[in-house]
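Here's the letter readout for the chains.
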Amino acid sequence: MKKILLALSVLVLAFALTSCEKETIASRASKKGLDIGTAFGSDIFNPEDQERIKEFSNILVAENFMKCANLRPNAKFWNWSDIDHAIEFAQANNIQMKFHTMFWHQQNSSFVSNISTKEDALAFMDDHIKTIMEHLKGKIKVYDVVNEMFEEDGSFRQSKWYNLIGEEYLAHALTVARSCDPDAKLYLNEYNNECVGYPKADAMFNFVKKLKESGVPIDGIGMQLHLSTDLPFNPDAIRANCRRYADIGIEISFSEVDVRLPASKFNDEAEVKKQEEIYTTLLDIALTEPNVKSFIVWGMYDRTNWVPATFGGYGNACIYDMEYNKKPVYNALFEKLK
Ligand code: XIL
């Protein structure tokens, strides 16, 4: 009898302990093996935001701190302090880090505009990759090696890197990156590349397949997914795209998710519901397509999100409202992770 009583009280205690542990979006996603998280700015240094970040994220990415203009304001000076502090916070809380981005046609420092020969472009790229990856070795799970390399029609974007080096700048950057940190995952990141049948998406897939077949080190691609409730949303085409990448052994990040509303419909219930459906459908795809490894929102707050400044007449794209309250969409994501 005593033994039974003892066993029972151990059971009750164990149950009480587990039910005390607060379940969060981060903890639920971790249990399912999905990396979930947000882009961060200086909010990461604010205690209140840190609590919200911990509740939502098991992976983080810098919204701007890791871009050339911020990280390397001139040729000689590297501004590591924000990144190092953010990584310290992440590590102390068991949160992984994604790097965004080594090469892009935007947010470059002014000294980059002086690069005018193929030789100098290659030297800059090599130095940039090596310095970043040596400094951050072991601390970054995934690198966006290059961001936004295609035009909408599927041709290569005429970036400085493309114009000076040619299409091989992409294979070059990936190869140098692999040699610097063989344990880090290497991605190419893009927008409007999520739907099978869209020229940019098909061009990117064919290019990545070609890279894979020729032995260039590439682990994954990012689909930014800056979506809008008043544009077509085609989950079947997104799923089909994820699957063709799975077939060639490429993993995927839903890397910059936000779903904006036209300002005229901020209070329209059906439109708000549509936003919720898009978010949860994307999360469902991420949970059910095994090669989709992460679901990252491009900021959590309507108040500070980049959308209104970029897409005039649009906003409310995030999971927290203007007063920093969780929106129903936040809870819908939490439920989806059950
Ligand atoms: C945006 C940031 O959110 C803004 O703060 C900044 O002013 C401009 O860049 N695609 C990307 C991101 O890959 O780096 C962009 O981030 C949004 C679009």
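Everything in this summary refers to the structure shown in the same document. Keep in mind the model is a prediction, meaning the values are calculated, not measured.

The next thing to look at is the pattern of salt bridges. Enumeration over the complete set of coordinates arrives at 25 salt bridges. Residues Asp144 and Lys98 are paired through a salt bridge, measuring 2.8 Å at the closest nitrogen-oxygen approach. Taken together, the residues Asp144 in strand E4 (residues 142–147) and Lys98 in strand E3 (residues 96–103) connect sequence positions 46 residues apart. Both residues of the pair, Asp144 and Lys98, count as buried. Measuring nitrogen to oxygen at the nearest pair gives 2.8 Å for the salt bridge that ties Glu289 to Arg243. Of this pair, Glu289 sits in the loop between helix H11 (269–288) and strand E9 (292–297) while Arg243 sits in helix H10 (residues 235–247), and the two are 46 residues apart along the sequence. Residue classification places Glu289 among the buried positions, given a relative accessible area of 4%. Among the residues examined, Arg243 registers a relative accessible area of 46% and is labelled partly exposed. Through salt bridges with shared partners, a single network forms among Arg239, Arg243, Asp284, Glu289 and Lys336.

Of the positions making up helix H13 (residues 328–336), those classed as buried are Val329, Tyr330, Ala332 and Leu333. For H13, the arc enclosing every buried residue in end-on projection is 160 degrees, short of the 170-degree limit, so these residues lie on one face. Summarising the contacts, the buried residues of H13 are in contact with helix H2 (25–31), helix H3 (47–56), H11 and E9.

What follows is about the pairing of E9. Counting buried residues along E9, five of its six residues qualify, which places the element largely inside the surrounding structure. Here strand E8 (residues 251–262) pairs with E9 via four bridges, running parallel. Following the sheet pairing, Val257 is matched in E9 by Val297. For the handedness criterion, the β-α-β arrangement of E8, H11 and E9 is classed as right-handed.

Conventions used here
Residues numbered from 1 in each chain as written. Predicted model: local features only at pLDDT ≥ 70, side-chain atom pairs only at ≥ 80, totals over all residues. Heavy atoms only, no water. Salt bridge = Lys/Arg side-chain N within 4 Å of Asp/Glu carboxyl O. Helix = DSSP H or I, 4+ residues; strand = E, 2+ residues; numbered from the N terminus. Buried < 20%, exposed > 50% of the residue type's maximum accessible area, 1.4 Å probe, protein only. Arc of directions from axis to C-beta. Contact = heavy atoms within 4.5 Å. Pairing = 2+ DSSP bridges. Right-handed = clockwise from strand over helix to strand, strands pointing away.

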